[in-house]
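Structural overview for review
Listed below are the residues making up each chain.
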Amino acid sequence: MNNFQFYSPTEFVFGRDTECEAGNYVKKHGGSKVLLHYGGGSAVRSGLLGRIKASLTEAGIGFTELGGVRPNPRDTLVYDGIRLARSEGVDFILAVGGGSTIDSSKAIAMGVPYDGDFWDFYCGKAAPSAALPVGTVLTIAAAGSEGSGDSVITKESDGLKRGAGSDLIRPRFSVMNPALTCTLPPYQTACGATDIMAHVFERYFTNTTEVGITDRLCEAVLKTMIAETPRVIAQPDNYDARANIMWAGTVAHTNIVGVGREQDWNSHGIEHELSALYDCAHGAGLAVIMPAWMEFVCGHDVMRFAQAAVRVWGCEMNFANPEATAREGIFRFRQFLHGIGMPVNFAELGADEADIPKLVEKFGIGRRRTGGFVKLSADDVAEIYRIAAHAAL
Ligand code: NZQ
Ligand code: ZN
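Only a predicted model underlies this, so the values are computations on that prediction, with no experimental measurement involved.

Below, the discussion takes up the coordination of the zinc ion (ligand 2). Within the protein, Asp195 (OD), His199 (NE2), His268 (NE2) and His282 (NE2) serve as the donor atoms for the zinc ion (ligand 2), at 2.0 to 2.2 Å. Binding-site remark: the zinc ion (ligand 2) is held by donors from one chain whose sequence spacing is D-x3-H-x68-H-x13-H. Of the two residues, Asp195 is situated in helix H6 (residues 186-204) and His268 in helix H9 (residues 266-278); the sequence distance between them amounts to 73 residues. Its relative accessible area of 3% is what places Asp195 among the buried residues. A relative accessible area of 7% places His268 in the buried class.

The following block contains the structure:
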């Protein structure tokens, strides 16, 4: 196991009706004037936003609001948010929504005290030295942004989707009521589940040895997702299944299951080019890319893939041919994703094989943190896109 530091300062407030306490948590964490940031309308339609406003008013917290965050959040709205927060004297950002809203909030939080262009943090030109505090009310289990120090934004002008990372943007608190996720359409639920599993696999496939504790934690999250995802798709109102998935999504990405080990993250980088170009859901893109990546790199460490096949997917170990076991595990992953309604190949995702050269070129522009398990050349990345384009069950 490698040396590590683990810092996860977020106060998680989990359970039924917890959103009604949002105002008190803003106050507790030092906010007096809030920018209330939300998405395309689900929080308005469900009445959630009204409850949050009532809770802020009750706690004596002033607020101004900015809705309209789109999935794969854009830099253009971030600039609007920075201007608004400055002109209104905002001292706290409250995100009500999913990863997109939370990531947009984190970008605004870093941008407000910064003299330059906030995009500097996303293109690797600068690191933030200050940020406004961020709190979240989570409405979808997926990206894990409610507990992470990451934010992913798409630059509208050139379609580059890039991440920034800093402990300064780890949420001060995250309110997590699983009941809020019951209104998710099955497709979004499945996209979220895929993303959660991908966050674990990005950490699971490692060259670091003697990491039994984190291997077993990863496997626990994956097995929970395999058991609970079909349950919530069949019964969208099943609170307990929603609760297990919601906490799994946070555990998957605070990095508690990934400390002390080299991690990969190439599947995420390769996927981000798809969601940047086609505006598809991140989880759907991962459903197409991650099994293709697994097929491509399986030979690098057959025994690790065979371990996943046996422990996560319940395959029987073929000691005479461990690679057959390893590949059976990858097949079962793709089969599982198909079973929950995820796309399997480019056509099902709405992607075009003719765009592969463009995707590979953009993948090569200024990335941080990829390829801890297997370093990939541009030709390798193109091959993974090709495997994904033609994948079938
Ligand atoms: O905008 P609204 O109307 O709220 O609709 C959203 C959106 O259309 C809808 N939704 C959310 N909660 C709902 C709901 N609909 C009904 N009922 C509810 N309770 O779901 C759609 C997707 O929302 P979004 O916020 O985009 O989902 P997600 O949480 O999957 O976030 C995806 C973004 O996070 C990034 C992805 O790349 C993508 O841009 N990621 C962020 C990470 C991080 N910050 O740590 C890590 C991840 O790997 C990921 O890259
Ligand atoms: Zn992800």
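The subject of this paragraph is a nonpolar patch on the surface. A cluster of nonpolar side chains, namely Met1, Phe4, Phe6, Ile213, Leu217 and Ile256, defines an oily patch on the protein surface of about 550 Å² accessible area. If you trace the backbone, Leu217 turns up in helix H7 (residues 212-234). We classify Leu217 as partly exposed; its relative accessible area is 34%.

A few words now on the packing of aromatic side chains. A full pass over the atoms with the stated rule returns 21 aromatic pairs. For the ring pair Tyr114 and Phe121, a centre distance of 4.5 Å and an interplane angle of 50° mean the geometry is tilted. A relative accessible area of 21% means that Tyr114 is categorised as partly exposed. Classification of Phe121 as buried rests on a relative accessible area of 7%. Ring geometry for Trp119 against Tyr122: centres 5.5 Å apart, planes inclined by 10°, an arrangement best described as stacked. Just as Trp119 is buried, Tyr122 falls in that class too. A network of ring pairs unites the aromatic residues Phe201, Tyr204, Phe205, Trp293, Phe305, Trp313, Phe333, Phe336 and Phe373 as a single cluster. Above the face of the Tyr239 ring, Arg16 is positioned so that its terminal group lies 3.7 Å from the ring centre. One Lys or Arg, Arg304, reaches over the ring of Tyr204 and ends 5.1 Å from the middle of that ring.

Scanning the entire structure with this criterion turns up 20 salt bridges. With a shortest N-O distance of 2.8 Å, Arg170 and Asp167 are connected by a salt bridge. By relative accessible area, which is 13% here, Arg170 ends up buried. The exposure class assigned to Asp167 is partly exposed, which follows from its relative accessible area of 42%.

Scoring rules and cut-offs
Residues numbered from 1 in each chain as written. Chains lettered and ligands numbered in written order. Predicted model: local features only at pLDDT ≥ 70, side-chain atom pairs only at ≥ 80, totals over all residues. Heavy atoms only, no water. Donors = N, O, S within 2.8 Å, 3.2 Å for Na, K, Ca; no water. Helix = DSSP H or I, 4+ residues; strand = E, 2+ residues; numbered from the N terminus. Buried < 20%, exposed > 50% of the residue type's maximum accessible area, 1.4 Å probe, protein only. Patch = residues over 30% accessible without salt bridge, like charges linked within 9 Å, V, L, I, M, F, W, Y side chains within 5 Å. Areas by Shrake-Rupley, 256 points an atom, 1.4 Å probe, with all protein chains shown as cover. Salt bridge = Lys/Arg side-chain N within 4 Å of Asp/Glu carboxyl O. Phe/Tyr/Trp six-rings, centres within 6.5 Å; stacked < 30°, edge-to-face > 60°. Lys NZ or Arg CZ within 6 Å of the ring centre and 35° of its normal.

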